[in-house]
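What follows is the residue order along each chain.
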Amino acid sequence: MGDDSEWMKLPIDQKCEHKVWKARLNGYEEAVKLFQRIEDEKSPEWGKYLGLIKKFVTDSNAVAQLKGLEAALAFVENAHVAGKTTGEVVSGVVTKVFNQPKARAKELGMDICLMYIEIEKAEVVQDELLKGLDNKNPKIVVASIETLRKALSEFGSKIVTLKPVVKVLPKQFESREKAVRDEAKLLAVEIYKWIRDALRPSLQNITSVQLKELEEEWVKLPSSPPKQSRFLRSQQELKAKFEQQQAQGGEQSDGEDEEDAPAAVDPYELLEPVEILSKMPKDFYDKIEAKKWQERKEALEAVEALTKNPKLENGDYGDLVRALKKVVGKDANVMLVSMAAKCLAGLAAGLRKKFGTYSGQVVPTILEKFKEKKPQVVQSLQEAIDAIFLTTTLQNLSEDILAVMDNKNPSIKQQASLFLARSFRHCTQTTLPKSALKPLCAALIKQVNDSAPEVRDAAFEALGTAMKVVGEKAVNPFLADLDKLKLDKIKECSEKVELPGAKKAAGGGAVEKKPAARAAPAAEAPSKSSAPPKKSQAAAGKMSAGPPKKGKTASAAGGKTKKTSDSKEHTETELSVEACEELAAGVLPASCLQQLDSANWKERLASMEEFQKAVETMDKAAMPCQALVRMLAKKPGWKETNFQVMQMKLRIVALIAQRGQFSKMSASVVLDGLVDKVGDVKCGGNAKEGLTAIGEVCSLPWTAEQVVSMAFAQKNPKNQAETLNWLANAMKEFGFAGINVKGFINNVKTALGATNPAVRTAAIALLGVMYLYMGAPLRMFFEDEKPALLAQIDAEFEKMQGQSPPAAKRFTKKAAAEDVGDEGDEADEEGGAGHDIMDLLPRTDIGDKITSDLVSKIEDKNWKIRKEGLDEAAAIISEAKFITANIGELPLALKGRLSDSNKILVQQTLTILQQLATAMGPGLKQHIKALGIPIITVLGDSKLNVRSAALATLQAWVEQTGMKDWLEGEDLADELKRENPFLRQEVLGWLAEKLPTLRTAPGDLMLCIPQLYACLEDRNGDVRKKAQDALPTFMMHLGYDKMNKATGKLKPASKDQVVAMLEKARAVMPAKPAAPAKAGKGSAEPSRAASASRSGAGGEDFPESKAEVKKVRGGGGAAARKGPAAKKPAGKGQKEDEDKSGPIFVLIPNAKEQRIKEEKQLKILKWNFMTPRDEYVEQLKTQMSTCFAKWLQDELFHFDFQRHVKAIGVMIERLESESEATIGCLDLILKWFTLRFFDTNTTVLMKVLEYLKLLFTMLNRENYHLTEYEANSFVPYLILKVGESKDVVRKDVRAILTMLCKVYPASKVFPFLMEGTKSKNSKQRAECLEELGCLIEGYGMNVCQPTPAKSLKEIAVHIGDRDTSVRNAALNTVVAVYNVCGEQVYKLIGNLSEKDMSMLEERIKRSAKKTAAAPAKPSATEKSQREHPANPNATFLRKPAQEDPNKLKIMYRTYRIQARQNAQHSEPSHPSIPKEFQLDLDMIEKDQSRVCELPDLVQHKLDELLEPIMIPEPKMRAVSPHFDDLHNSTASTINFVISQVASGDINTSIQALAQIDEVLRQEDKADVMSGHIDQLLIATIMQLRLINSTHLADDRVDKTDIFKLYSCIIGNMLSLFSMEALAREASMGVLKDLMHGLITLMLDSRVEDVEDGTQVIRSVNLLVIRVLENSDQTNMISALLVLLQDTLVSTAGSPSVSELVMKCLWRMIRFLPETINNINLDRILLDVHNFMKVFPKEKLKQLKSDVPHRTLKTLLHTLCKLTGAKILDHLSMIENRNESELEAHLRRVVKHSGNLSGFKNDRGNEKTGLHMDDRMSKAKVSDILSEIFKKIGSKENTKEGLTELYEYKLKYSDADLEPFLKNASQFFQSYVERGLRMIESDREGKTRNQTSAGTPQHGVDSSPSSNNEELKPAVYYERLKILRQRQGLENTSRQQQVGGSEDEPQQRPAISLLSSKPSVASSTDMLHSKLSQLKESRELYQQEHNTHSPTHTRSASPAANLDDLKKRLERIKSNRQ
């Protein structure tokens, strides 16, 4: 029991896995209770048992296992997480429970399986049970079958997938175990209940006895279908309904019964496909061609046997189909024809949709063969064609059928009609749209009147079937011309027809409902059969369930809706004159009729007036329109000579048309008369009104056709011209809907050739209006016209470009719109509205030209012959221009070439296919399966150019066909199954682009999902990325739930990943394109509203058309044009106006930074290409979608270049108002423009350049600087255009390049231009060279990158170029260099050939004369022309000297912009000119009081330019200084100024340092420098090195300039290191280099030898101390240690350097007691460790001096003393601590200093940790130091005091002077420091002059002030001098500032930095990386502030300024005294 008591205490989950079975049993029992007790299915408690449930069911102890099963069942039933355990638990149940002898165990196991199914895990359970069927233990097999049966019985066939079960069922019937066979029999009976006869084919192979037994069982089953009795968790509603029915006694209405009945299972789906191609006889193709019919019969018999297999494996059946087709078409033996037809039928039935590819080739042959009379043959052919029909669609076959409808042979016509009748039965309203039905009905109506009775009967049957399928209402319009007898016959046939789903159809079209919902999830209306159209006319007009429409016309919609309320179109028979008179007499006064033909015109006029009154008052229904118009036509009729009478007559015609029921019959009576008067001067207006009124009633298309033909039947040119003018106007008023262009295009051509210019002009004007609606395709009709005429037409079209059609004002009334609807319906196919224009074009049938010879050529073994064949095919197509869909056997031949081993032929084939797409237009649809899908296969080619060509071909096809047909069937899924990464990524990319544009997608898209999931885990990263991109677009059509469910078949690991991706995709799933907006809001006329709303659909119903179908939207679009009358205005116009009012760019914070980051991380393609590939365009589209207005993006990527022009126009308009957003999207805008550079259209290019000029002007104004990312993706492509052949383009590009240099460093533009000189285009080479010359003239030699020598050698090569212009340009550029650097140019260019050199010398001589005169240009002209080039050869636009703005004012303005952006302050700003960077000497001269103030610095600016600018002064602190360094203009300014610090030009450097100093001096501005400290220090270090290495050695450089620069640098650094916050930002590497630079300077004897040198050295000494005190202590100590190590290692360096480094280290050691808590000990110890590795103890002792050893010991000793033993915890960064000498040393020190710890603690409260002599008491120390400092303070004993202090410090190196110095002034402190430093240098044996020890100079002073002056003023005068020397600037007065905002106490030298966080590496290497960056920034501003002629860049202007400055300072000084 002891054991029991142990496990009794354990928690339940531990009991459940205890080794004692009793413990487990107890655990299971408690678990059952626990599981039933937990209420929350998501409780964390469940998680504990996840891993245990499998053990529950597989327990080795039978008793425990039973209880475990109960617990597992409770867990599965109640736990939310149970689904995760399905696989392992069910597997456990199958293997360990089903074999148990206890029935209870088996029962519980089954319950667990069923419970898993209930919680939605049916697929996993089913898989495990099916695995159980393969188990060797028959018990397990029996139990598995039984469980499957039970699952099927309870859950039904929707949840239990029957296909895999049926597949393994026959095997179970073969089992040796009777129990298994019996169970299989029961399962077969259960399956039969659910799928009935669909099961039979699968069980054909079991023994006859078993089959017989099954048949007996099946007969006993009830006929009613079984019902699901157990429901999934997600089916709770169904469950409730089921329980309710049970409660009502199982009664149920029929309707519901139907709804719940399971869908009939297709036996085909349950079958396994059979592969037959390999089983065909090897000699089949030889035999089938054999002469003996017996051999052919043998071959066919073999194939027939194979094709009897009910399901065939997909494969390439092209050859077989062709062979069979040949037999059907040409074999004389009818028996063989019959056999071949059966084979075709078998193939079609076995392949189903996959046979669709071949259907187009076979159907024409079969239809032709129906001429055979023999019933056996006819029957076989019928079976074949019926089977083939099921593999394709009626639309695909309609052309073939229509082709034979006019055949002379009645049998063919009869059989074609019967075939249609049979086909219609399989159609629904969805699959039989009006557009498909219309041409077929027209053909059948002809046959109704055929002489052969069998043909008539067949036609009646077909029409009757159609009527039954789509309803009378849909068919009646087509039957208008049939008499009643025939209509009755059709109706009679209709009633006899029984449709396959008749029962359901009667119930309101339930059958059709499902496809309707699938095809149009937006479900604007139910499918047509379901009910009469509802209230919403728009919905009624929409064919929601049909294939998505693009071009459905509005008027058609209007017509349909009207039809529901109005009578049908008013038709009349022609009335006799007598009948007319009789009817007219009934409604008109007698007098009126009598006077109609009176000889007196006045009576006729009176008669007309009465006539008019009568018409105005007449009731519409009672008005006999035809009678009235015939009365008007009565003599004199239209020959009326009096114009007044005639005007009245015409007005009455218009009235009758408007007010009565006016028919086409009535119209034909008056039209001739109206047309005759159209050209009349007086009556023409009335005649046109009459025509317009008739157009409203009888539809414009009909009226237009009649009127134009009548006008051109006459010879009157005036009438012809005015008719055309009327028509042009009418089109604008009515819109273009339904206009039959073919109807009058010939007349327009006649008019164009007329001799009368008015007719020609009118015709051209009419074409202009038509162009508005039709776009470019219209021109195709006139390509054969004379060039002069064509030019006029083009000019008219050009005028219309960019315009959109006007709003339709008039609409066809009543049901007359039906006509328009019919016309419009031609465009109703899914292929898109763009095609209706294409349909008008005459097409050639090239079927006959595709001969068998041509096909055999294309398939020849020799590639050259294949190529010839392809060339011929291409020639045939291009010659025909537009072709019909019949292209014979070409598709199969071309398909073979797509897989050709010769890639050239593959590409040629793709080109032919593109050509085919354009030529065939919409007819291309029927070739998608045969030729389209193989194009997709080519996307898997390894060669990029082949893939690109395939993608282009694919796009061309989709433009013509739409996407729907591509997505239907399994073809696409089969393609994705190929494990080809190229194919997968291209196809998925293509789908990701296309799917979002579809409003609906076929359900077959679901077939691609398994492949899509496979791609998500593909090995290839690109495939994975494309799959992830495509995921949301699939989800948009299929829905999250469906896709989530599909993950059930994945492996668990994959599933988790995919589900996570689905979740992500769900978040970014694009919305489906909206159903067209209802236009015509609030419109009073419903028909108008409907018409308008449908019109929206015209262009947008299937927005795929946006980019693909030729120009669907907007100006110049073809598709939109053929749409409805209301189209533009109501449907589209308003919507676009609303859209376009918003901003065109969306400013997304950090979006650009993110894009740059992605490109750097290679997540996206780098914008770098020779020509832009589709993936670049797609990527750009994707990036733009977030920050460009949707409509703008559509325009930018439109097919039509006019849209681009329009879009750029809008961007130009918005450039100013959206400048910030433009800058935010600048990278994308520039990228889009690079794409335009590859267009050939000059109009677009000029517009592009216009925009770019404005853009760069704006960027310059905003002081924006291009980032490298933006420049790299734009500048190279801009430079391509500099070589354009058109001068105007080149000129603009050069202008843009010039502007570019204002926003991007010239030195970075230089390499791009250098690259441009390598071009093959000589113009480009010449222009690039010219531009290089301009850059060198403008910016000096610094722009030459990488080095002047290298660049010039490359430039000089072009002096020997073949092209004269290139040679001249190269010479000019070298001359420009000569002008800058003189004779040195010859060194730089290296060796040239003698000829080249002589040319160059000659050119230099000539130019020398010119350049002498150049600088003397009058400045006035420069001022007037702000950007006038200084040199006539240069296009470089320079701002003249007078315009040089204040550099740091730019910086301030940048801050102002930032402040405005952040909007963080709400203080009212007052206008003032910010001059914080200017020294205002004028103000100082006037103001005597501010004696002690340090004046502001002056910024060079000419007085005449000082005009007040109203700028709000921002509160600087409101702006965070931490802007992103790449993109902030402030940062750019700061970077630029810092870059100037390192300038090779001394004056430039001094100016930059002064500007920085100014910023640092103001505390509220100084924090802007944060993040730029390393950058500034690097620039300073570089300048120090430059002085050291170059300037000091150069005798030409004035030494006073050098020392002026030194004093600026030191003052700057002092300011910086006075600000602790900024000083601490300096990194270790930079500090190390800085200290090295400063120490080197202190020891430089060249400095000492100069007059002011000692002063410089003292200042450096002071600076070093400041750096040591205020830098980050960790960085400082580390820097000194590393520096010490370097100096000791380097034998070349002076030992003095290392000594000074050690002194610095001692000083740092002295600070340690205060800083110990702030320093990073680990880092310091690591540096010490590294030092000791290089210099172990022994090596240190070997050095000449023992000071390094002592220094190191002191450092470590001090650290140990301050931290104690804890120091040993800080060795974490040292890798091999055991090997470290440091650790051993520290342990010794710690051990030794243990007794000192008490002493340390006693003194811990003191600030100083002096290592004092024990004998000296604190008091004594204090007294001694007090005495010393007193001496220093007195004038007489200063030197003595300093000497004593120095000696005291030598003796007690750790002595702390802090208490004595801290209360003294800053000046006194620095004085003491400097005094000590000077004594130190004297003691070292150096004779340093000690003059001016009392003055606080830390800069150079050429006129030292006397010691007798008052101390404080002296200090500030000295500082002023220093500043004066730093600034080589002209003084300009500054306007008085309000208040003393800048009156800060100037107690420290102030310097400031200007840049934002550069991520600078911390070492010397950084200097080189920064060097080029600094240079560039320098040049960036150099050109803006270029004050001299380019040839004198280094002119001594600052010196002149300096003289002026000196004079003014002297004046101030004298005033002060």
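Residues numbered from 1 in each chain as written. Predicted model: local features only at pLDDT ≥ 70, side-chain atom pairs only at ≥ 80, totals over all residues. Heavy atoms only, no water.

Chemist: Please explain the pattern of salt bridges as it appears in this structure.
Modeler: Pairing of side chains with opposite charge becomes possible as their charged atoms draw close. Scanning the model with the defined rule gives 73 salt bridges in all. A salt bridge links Lys-857 to Glu-868, with the nearest nitrogen and oxygen atoms 3.8 Å apart. In this pair, Lys-857 is assigned in helix α46 (residues 852–858) and Glu-868 in helix α47 (residues 863–880), connecting sequence segments 11 residues apart. Take Glu-868: its relative accessible area is 42%, and that puts it in the partly exposed class. Asp-971 serves as the salt-bridge partner of Lys-929, at 3.0 Å between the closest nitrogen and oxygen. Pair noted here: Lys-929 is in helix α50 (residues 928–938) and Asp-971 is in helix α53 (residues 971–977), with a separation of 42 residues, a long-range link. Given the relative accessible area of 17%, Lys-929 is considered buried. (Salt bridge = Lys/Arg side-chain N within 4 Å of Asp/Glu carboxyl O. Helix = DSSP H or I, 4+ residues; strand = E, 2+ residues; numbered from the N terminus. Buried < 20%, exposed > 50% of the residue type's maximum accessible area, 1.4 Å probe, protein only.)

Chemist: Honestly, helix α88 (residues 1653–1670) in this entry has me stumped. Any pointers?
Modeler: Note that an α-helix has 3.6 residues per turn; residues three or four places apart therefore point the same way. Compared with the 26 Å implied by 1.5 Å per residue over 18 residues, the 26 Å span of α88 between its first and last C-alpha is a close match. The buried fraction of α88 is high, at 17 of 18 residues. (Expected span 1.5 Å × (residues − 1).)

Chemist: Explain unusual backbone geometry to me, please; I cannot follow it from the model alone.
Modeler: Most of the time, phi is negative for any residue but glycine, and the peptide bond is trans. A positive phi is found at Asn-1150, a non-glycine position, where the angle reads about 60°. Here Asn-1150 is to be found in the loop between α60 (1127–1141) and α61 (1151–1160). Given the relative accessible area of 54%, Asn-1150 is considered exposed. We note that Asn-1263 has phi near 55°; this positive angle belongs to a residue other than glycine. Mapped onto the fold, Asn-1263 is located in the loop between α67 (1242–1261) and α68 (1268–1272).

Chemist: Just checking my understanding: could you explain the environment of Gln-1575 for this structure?
Modeler: Of note, Gln-1575 is situated in helix α83 (residues 1573–1591). Looking at Gln-1575, the relative accessible area reads 1%, which means it is buried.

Chemist: Looking at this model, I keep getting lost on the packing of helix α70 (residues 1287–1303) against helix α72 (residues 1322–1339). Mind explaining?
Modeler: Helix-helix packing: each pair is described by the crossing angle between the helix axes and the interaxial distance. Running from N to C, α70 and α72 cross one another at 35°; their axes reach a closest spacing of 11 Å. Taken as a pair, α70 and α72 cross one another with a handedness that is right-handed. Between α70 and α72, the residues in contact are Arg-1290, Arg-1294, Leu-1297, Thr-1298 and Cys-1301 and Lys-1323, Glu-1327, Glu-1330, Glu-1331, Cys-1334, Leu-1335 and Tyr-1339, respectively. For the contact of α70 with α72, the residue count by class is five nonpolar, one polar and six charged. (Axes fitted to C-alpha atoms, helices over the stretch in contact; angles between N-to-C directions. Left-handed = near helix turned anticlockwise from the far one by under 90°. Contact = heavy atoms within 4.5 Å. Nonpolar A, V, L, I, M, F, W, Y, C, P; charged D, E, K, R; others polar.)

Chemist: Can you walk me through the packing of aromatic side chains in this structure?
Modeler: Centre distance and the angle of the planes are the two values used to describe a pair of aromatic rings. Using the criterion set out here, one finds 24 aromatic pairs in the structure. One aromatic cluster is present, built from ring pairs that chain together Trp-1167, Phe-1169, Tyr-1176, Phe-1238 and Tyr-1277. It is Lys-682 that lies over the ring of Phe-643; its NZ or CZ is 4.4 Å from the centre. (Phe/Tyr/Trp six-rings, centres within 6.5 Å; stacked < 30°, edge-to-face > 60°. Lys NZ or Arg CZ within 6 Å of the ring centre and 35° of its normal.)

Chemist: What is the right way to read the nonpolar core from this model?
Modeler: Grouped burial of nonpolar side chains is what soluble globular proteins tend to show. In terms of nonpolar packing, the biggest core is built from 102 residues, with Tyr-1606, Phe-1617 and Leu-1759 touching the most fellow members. Among residues more than four places away in sequence, those in contact with Phe-1617 are Leu-1577, Ala-1623, Leu-1631, Leu-1634, Leu-1663, Arg-1666, Val-1667, Asn-1670 and Ser-1671. Cys-1187, Leu-1192, Tyr-1304 and Tyr-1378 belong to the second-largest nonpolar core, a separate cluster that totals 97 residues. (Core = buried A, V, L, I, M, F, W, Y, C linked by side-chain atoms within 4.5 Å.)

Chemist: Could you clarify how one ought to interpret the confidence of the model for the protein chain in this entry?
Modeler: Averaged over all residues, the pLDDT of the protein chain is 74; the fraction at 70 or higher stands at 76%. Every residue in residues 814–835 scores below 50 in pLDDT, and together they form 87 contacts with partners more than four places removed in sequence or on other chains. (pLDDT = per-residue confidence, 0-100.)

Chemist: Is there a simple way to explain the packing of helix α89 (residues 1673–1689) against helix α90 (residues 1695–1715) in this structure?
Modeler: Contact geometry of α89 with α90 gives a least axis separation of 10 Å together with a crossing angle of 155°. The orientation of α89 relative to α90 falls into the category roughly antiparallel. For the pair α89 and α90, the crossing hand works out as left-handed. Side by side, α89 and α90 meet where Gln-1673, Met-1676, Ile-1677, Leu-1680, Leu-1681, Leu-1683, Leu-1684, Thr-1687 and Leu-1688 of the first sit next to Val-1697, Ser-1698, Val-1701, Met-1702, Cys-1704, Leu-1705, Met-1708, Phe-1711, Leu-1712 and Thr-1715 of the second. In terms of residue class, the contact of α89 with α90 is built from 15 nonpolar, four polar and no charged. (Parallel < 35°, antiparallel > 145°, perpendicular 65-115°, else oblique.)

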